[in-house]
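Close look at the chain arrangement
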Amino acid sequence: MTDSSSDPLLAGYHRFRANQWPRARAAYETLAEAGQTPHTLFLACSDSRADPALIFDAAPGDLFVVRNVANLVPPYQPDGGLHGVSSALEFGVKALKVSRIVVMGHALCGGVQAMRSDSGAAGLDFVEAWVDQGRPAVRQALSSCDHDHAVQVSEEAIVKLSLDNLRTFPWIAEREAAGELTLTGLHFGIADGVLRVLGDDGEFHPA
(Lines give C-alpha, C1' and ligand atoms only; values in the text may rest on other atoms or scores of the structure.)
Protein backbone atom coordinates (compact mmCIF):
# COMPACT_ATOMS: atom_id res chain seq x y z
CA MET A 1 0.00 0.00 0.00
CA THR A 2 1.34 3.45 -0.90
CA ASP A 3 2.38 5.64 2.02
CA SER A 4 0.27 8.79 1.69
CA SER A 5 2.86 10.80 3.60
CA SER A 6 5.29 10.41 0.71
CA ASP A 7 2.74 10.54 -2.12
CA PRO A 8 1.71 14.13 -2.90
CA LEU A 9 -1.52 13.02 -4.60
CA LEU A 10 -2.73 10.89 -1.70
CA ALA A 11 -1.63 13.53 0.79
CA GLY A 12 -3.68 16.07 -1.15
CA TYR A 13 -6.65 13.74 -1.19
CA HIS A 14 -6.52 13.37 2.58
CA ARG A 15 -6.42 17.16 2.98
CA PHE A 16 -9.42 17.38 0.68
CA ARG A 17 -11.35 14.82 2.73
CA ALA A 18 -10.46 16.54 6.00
CA ASN A 19 -10.88 20.18 5.01
CA GLN A 20 -13.07 20.50 1.91
CA TRP A 21 -15.27 17.43 1.79
CA PRO A 22 -17.27 18.27 4.94
CA ARG A 23 -18.25 21.63 3.41
CA ALA A 24 -18.74 20.34 -0.14
CA ARG A 25 -20.41 17.02 0.60
CA ALA A 26 -23.97 18.24 0.09
CA ALA A 27 -23.04 19.81 -3.25
CA TYR A 28 -21.40 16.60 -4.44
CA GLU A 29 -24.40 14.55 -3.36
CA THR A 30 -26.70 16.88 -5.34
CA LEU A 31 -24.43 16.63 -8.38
CA ALA A 32 -24.41 12.86 -8.12
CA GLU A 33 -28.19 12.69 -7.94
CA ALA A 34 -29.16 15.43 -10.41
CA GLY A 35 -26.19 15.32 -12.77
CA GLN A 36 -23.96 18.15 -13.89
CA THR A 37 -25.19 21.42 -15.35
CA PRO A 38 -22.04 23.52 -15.84
CA HIS A 39 -22.61 27.07 -17.05
CA THR A 40 -19.28 27.33 -18.91
CA LEU A 41 -17.18 25.14 -21.15
CA PHE A 42 -13.60 26.14 -20.47
CA LEU A 43 -10.85 25.50 -23.05
CA ALA A 44 -7.47 25.99 -21.39
CA CYS A 45 -3.86 24.92 -21.68
CA SER A 46 -2.64 21.80 -19.92
CA ASP A 47 0.06 23.88 -18.20
CA SER A 48 0.04 23.01 -14.50
CA ARG A 49 0.30 26.70 -13.55
CA ALA A 50 -2.97 27.79 -15.17
CA ASP A 51 -5.80 25.81 -13.59
CA PRO A 52 -9.20 27.37 -14.42
CA ALA A 53 -10.93 25.96 -11.33
CA LEU A 54 -8.37 27.63 -9.06
CA ILE A 55 -8.16 30.91 -10.95
CA PHE A 56 -11.94 31.38 -10.97
CA ASP A 57 -12.62 29.86 -7.55
CA ALA A 58 -15.10 27.53 -9.21
CA ALA A 59 -17.30 25.14 -7.29
CA PRO A 60 -17.79 21.49 -8.33
CA GLY A 61 -20.15 21.37 -11.29
CA ASP A 62 -19.50 24.95 -12.47
CA LEU A 63 -17.02 24.33 -15.28
CA PHE A 64 -16.76 21.71 -18.01
CA VAL A 65 -13.00 21.89 -18.62
CA VAL A 66 -11.08 20.85 -21.74
CA ARG A 67 -7.31 21.21 -21.55
CA ASN A 68 -4.61 20.60 -24.12
CA VAL A 69 -1.24 21.92 -25.25
CA ALA A 70 -1.55 25.67 -25.98
CA ASN A 71 -5.36 25.83 -25.54
CA LEU A 72 -5.92 25.03 -29.22
CA VAL A 73 -9.26 24.39 -30.90
CA PRO A 74 -8.84 22.71 -34.29
CA PRO A 75 -11.38 23.67 -36.97
CA TYR A 76 -14.58 21.69 -37.53
CA GLN A 77 -13.70 18.49 -39.36
CA PRO A 78 -16.36 15.73 -39.14
CA ASP A 79 -14.29 13.11 -40.95
CA GLY A 80 -14.82 10.14 -38.63
CA GLY A 81 -11.39 10.59 -37.04
CA LEU A 82 -10.60 10.71 -33.36
CA HIS A 83 -11.11 14.34 -32.30
CA GLY A 84 -10.84 14.78 -28.55
CA VAL A 85 -11.39 18.54 -28.42
CA SER A 86 -14.26 18.46 -30.91
CA SER A 87 -16.03 15.64 -29.07
CA ALA A 88 -15.77 17.53 -25.78
CA LEU A 89 -17.13 20.66 -27.45
CA GLU A 90 -20.01 18.69 -28.93
CA PHE A 91 -20.91 17.15 -25.59
CA GLY A 92 -20.63 20.43 -23.73
CA VAL A 93 -22.72 22.38 -26.21
CA LYS A 94 -25.27 19.81 -27.36
CA ALA A 95 -25.70 17.63 -24.29
CA LEU A 96 -24.84 19.90 -21.36
CA LYS A 97 -26.10 23.03 -23.12
CA VAL A 98 -23.50 25.38 -21.67
CA SER A 99 -24.24 29.06 -22.16
CA ARG A 100 -20.63 30.12 -22.53
CA ILE A 101 -17.36 28.91 -24.03
CA VAL A 102 -14.15 30.45 -22.72
CA VAL A 103 -10.72 30.09 -24.32
CA MET A 104 -7.93 31.02 -21.91
CA GLY A 105 -4.33 31.40 -22.94
CA HIS A 106 -1.58 32.19 -20.46
CA ALA A 107 1.86 33.74 -20.10
CA LEU A 108 4.99 31.64 -20.62
CA CYS A 109 3.13 29.04 -22.68
CA GLY A 110 5.57 26.40 -23.90
CA GLY A 111 3.31 25.34 -26.73
CA VAL A 112 3.13 28.86 -28.12
CA GLN A 113 6.87 29.22 -27.63
CA ALA A 114 7.30 26.22 -29.91
CA MET A 115 5.11 27.93 -32.51
CA ARG A 116 7.49 30.88 -32.58
CA SER A 117 10.29 28.53 -33.57
CA ASP A 118 10.81 26.95 -36.98
CA SER A 119 12.67 24.00 -35.48
CA GLY A 120 10.68 20.90 -34.65
CA ALA A 121 10.15 19.34 -31.24
CA ALA A 122 12.83 16.66 -31.31
CA GLY A 123 11.77 13.27 -30.00
CA LEU A 124 8.11 14.20 -29.53
CA ASP A 125 5.80 12.15 -31.72
CA PHE A 126 2.60 14.15 -31.29
CA VAL A 127 3.46 17.66 -30.08
CA GLU A 128 5.00 18.94 -33.32
CA ALA A 129 1.98 18.26 -35.52
CA TRP A 130 -0.29 19.71 -32.83
CA VAL A 131 1.55 23.02 -32.40
CA ASP A 132 2.15 23.34 -36.14
CA GLN A 133 -1.50 24.26 -36.63
CA GLY A 134 -0.91 27.47 -34.70
CA ARG A 135 2.28 28.60 -36.44
CA PRO A 136 0.63 30.57 -39.29
CA ALA A 137 -1.43 32.64 -36.83
CA VAL A 138 1.63 33.32 -34.69
CA ARG A 139 3.76 34.33 -37.68
CA GLN A 140 1.07 36.70 -38.88
CA ALA A 141 0.72 38.29 -35.44
CA LEU A 142 4.48 38.69 -35.05
CA SER A 143 4.84 40.37 -38.43
CA SER A 144 3.21 43.51 -37.08
CA CYS A 145 4.56 43.77 -33.53
CA ASP A 146 7.84 44.77 -31.93
CA HIS A 147 10.20 42.33 -30.24
CA ASP A 148 9.31 43.42 -26.69
CA HIS A 149 5.70 42.27 -27.11
CA ALA A 150 6.33 39.17 -29.23
CA VAL A 151 5.65 36.62 -26.51
CA GLN A 152 2.37 38.11 -25.32
CA VAL A 153 1.13 38.87 -28.84
CA SER A 154 1.76 35.30 -29.96
CA GLU A 155 -0.13 33.91 -26.95
CA GLU A 156 -3.03 36.24 -27.66
CA ALA A 157 -3.00 35.17 -31.32
CA ILE A 158 -3.66 31.55 -30.36
CA VAL A 159 -6.64 32.55 -28.21
CA LYS A 160 -8.05 34.44 -31.21
CA LEU A 161 -7.32 31.50 -33.54
CA SER A 162 -9.19 29.10 -31.24
CA LEU A 163 -12.16 31.47 -31.06
CA ASP A 164 -12.20 31.71 -34.87
CA ASN A 165 -12.05 27.92 -35.13
CA LEU A 166 -14.90 27.55 -32.64
CA ARG A 167 -17.07 29.50 -35.04
CA THR A 168 -16.41 26.92 -37.80
CA PHE A 169 -18.58 24.47 -35.80
CA PRO A 170 -22.10 25.05 -37.17
CA TRP A 171 -23.86 24.26 -33.91
CA ILE A 172 -21.64 26.77 -32.09
CA ALA A 173 -22.01 29.51 -34.72
CA GLU A 174 -25.79 29.04 -34.80
CA ARG A 175 -26.14 29.27 -31.03
CA GLU A 176 -23.90 32.31 -30.84
CA ALA A 177 -25.89 34.06 -33.57
CA ALA A 178 -29.11 33.26 -31.71
CA GLY A 179 -27.77 34.73 -28.47
CA GLU A 180 -27.80 31.34 -26.75
CA LEU A 181 -24.03 30.99 -26.47
CA THR A 182 -21.28 33.49 -25.65
CA LEU A 183 -17.63 33.08 -26.68
CA THR A 184 -14.96 34.72 -24.53
CA GLY A 185 -11.19 35.03 -24.89
CA LEU A 186 -8.92 35.42 -21.85
CA HIS A 187 -5.20 35.61 -21.08
CA PHE A 188 -3.80 34.87 -17.61
CA GLY A 189 -0.47 36.15 -16.32
CA ILE A 190 1.45 33.46 -14.46
CA ALA A 191 3.78 35.82 -12.57
CA ASP A 192 1.38 38.66 -11.78
CA GLY A 193 -1.95 36.80 -11.63
CA VAL A 194 -3.60 39.38 -13.88
CA LEU A 195 -6.47 38.23 -16.08
CA ARG A 196 -7.10 40.08 -19.33
CA VAL A 197 -10.26 39.84 -21.44
CA LEU A 198 -10.49 40.10 -25.23
CA GLY A 199 -12.65 43.10 -26.07
CA ASP A 200 -14.72 44.00 -29.10
CA ASP A 201 -11.78 46.11 -30.28
CA GLY A 202 -9.64 43.00 -30.72
CA GLU A 203 -7.38 43.90 -27.79
CA PHE A 204 -6.98 42.29 -24.36
CA HIS A 205 -7.84 44.46 -21.35
CA PRO A 206 -7.48 43.84 -17.58
CA ALA A 207 -10.58 42.23 -16.11
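The shown structure was predicted, so the numbers you read here are calculated from the model rather than taken from an experiment.

1. A word on the side chain of His106
By secondary structure assignment, the location of His106 is in strand 3 (residues 100–106). For His106, a relative accessible area of 1% puts it in the buried group. The residues touching His106, leaving out its near neighbours within four places in the chain, are Cys45, Asp47, Arg49, Ala50, Asn71, Glu155, His187, Phe188 and Ile190.

2. Observations regarding the sheet that holds strand 3
Read from one edge of the open sheet, 6 strands run 2-1-3-4-5-6, paired in mixed fashion. What marks the edges here is a single partner per strand, and that holds for strand 2 (63–68) and strand 6 (204–206). In this sheet, neighbouring strand axes are inclined to one another by 25° on average, regardless of whether the strands run parallel or antiparallel. Strand direction decides the pairing type here: strand 5 (residues 195–198) and strand 6, joined by 3 bridges, are antiparallel. Considered in strand 6, the bridge of Arg196 is made with Pro206. Across the sheet, helix 3 (residues 84–95) touches strand 1 (40–45), strand 2 and strand 3, and the angle it forms with strand 2 is around 170°.

3. Notes on the side chain of Asn68
Considering the arrangement of structural elements, one finds Asn68 in strand 2. Taking relative accessible area as the criterion, Asn68 reaches 8% and is therefore assigned buried. If sequence neighbours within four positions are ignored, Asn68 has contacts with Leu43, Ala44, Cys45, Ser46, Val85 and Trp130.

4. Brief notes about the pairing of strand 5
Relative to strand 5, strand 4 (residues 182–188) runs antiparallel, the two being bridged by 3 bridges. Among the inter-strand pairings, Leu186 is bridged to a residue of strand 5, identified as Val197. Taking the residues between adjacent antiparallel strands as the criterion, strand 4 and strand 5 are bridged by 6 residues, where Gly193 takes a positive phi near 70°. From the end of strand 5 to the start of strand 6, which pair antiparallel, there are 5 residues, and Gly202 there has a positive phi angle of about 80°.

5. Section: the packing of helix 3 against helix 8 (residues 170–177)
Interaxial distance between helix 3 and helix 8 falls to 10 Å at its minimum, and their mutual angle equals 35°. Between helix 3 and helix 8 lies a crossing of left-handed hand. In this structure, helix 3 uses Ser86, Leu89, Glu90, Val93 and Lys94 to contact helix 8, whose residues at the interface are Trp171, Ile172 and Arg175. For the contact of helix 3 with helix 8, the residue count by class is 4 nonpolar, 1 polar and 3 charged.

Rules of the game
Residues numbered from 1 in each chain as written. Predicted model: local features only at pLDDT ≥ 70, side-chain atom pairs only at ≥ 80, totals over all residues. Heavy atoms only, no water. Helix = DSSP H or I, 4+ residues; strand = E, 2+ residues; numbered from the N terminus. Buried < 20%, exposed > 50% of the residue type's maximum accessible area, 1.4 Å probe, protein only. Contact = heavy atoms within 4.5 Å. Pairing = 2+ DSSP bridges. Axes fitted to C-alpha atoms, helices over the stretch in contact; angles between N-to-C directions. Left-handed = near helix turned anticlockwise from the far one by under 90°. Nonpolar A, V, L, I, M, F, W, Y, C, P; charged D, E, K, R; others polar.

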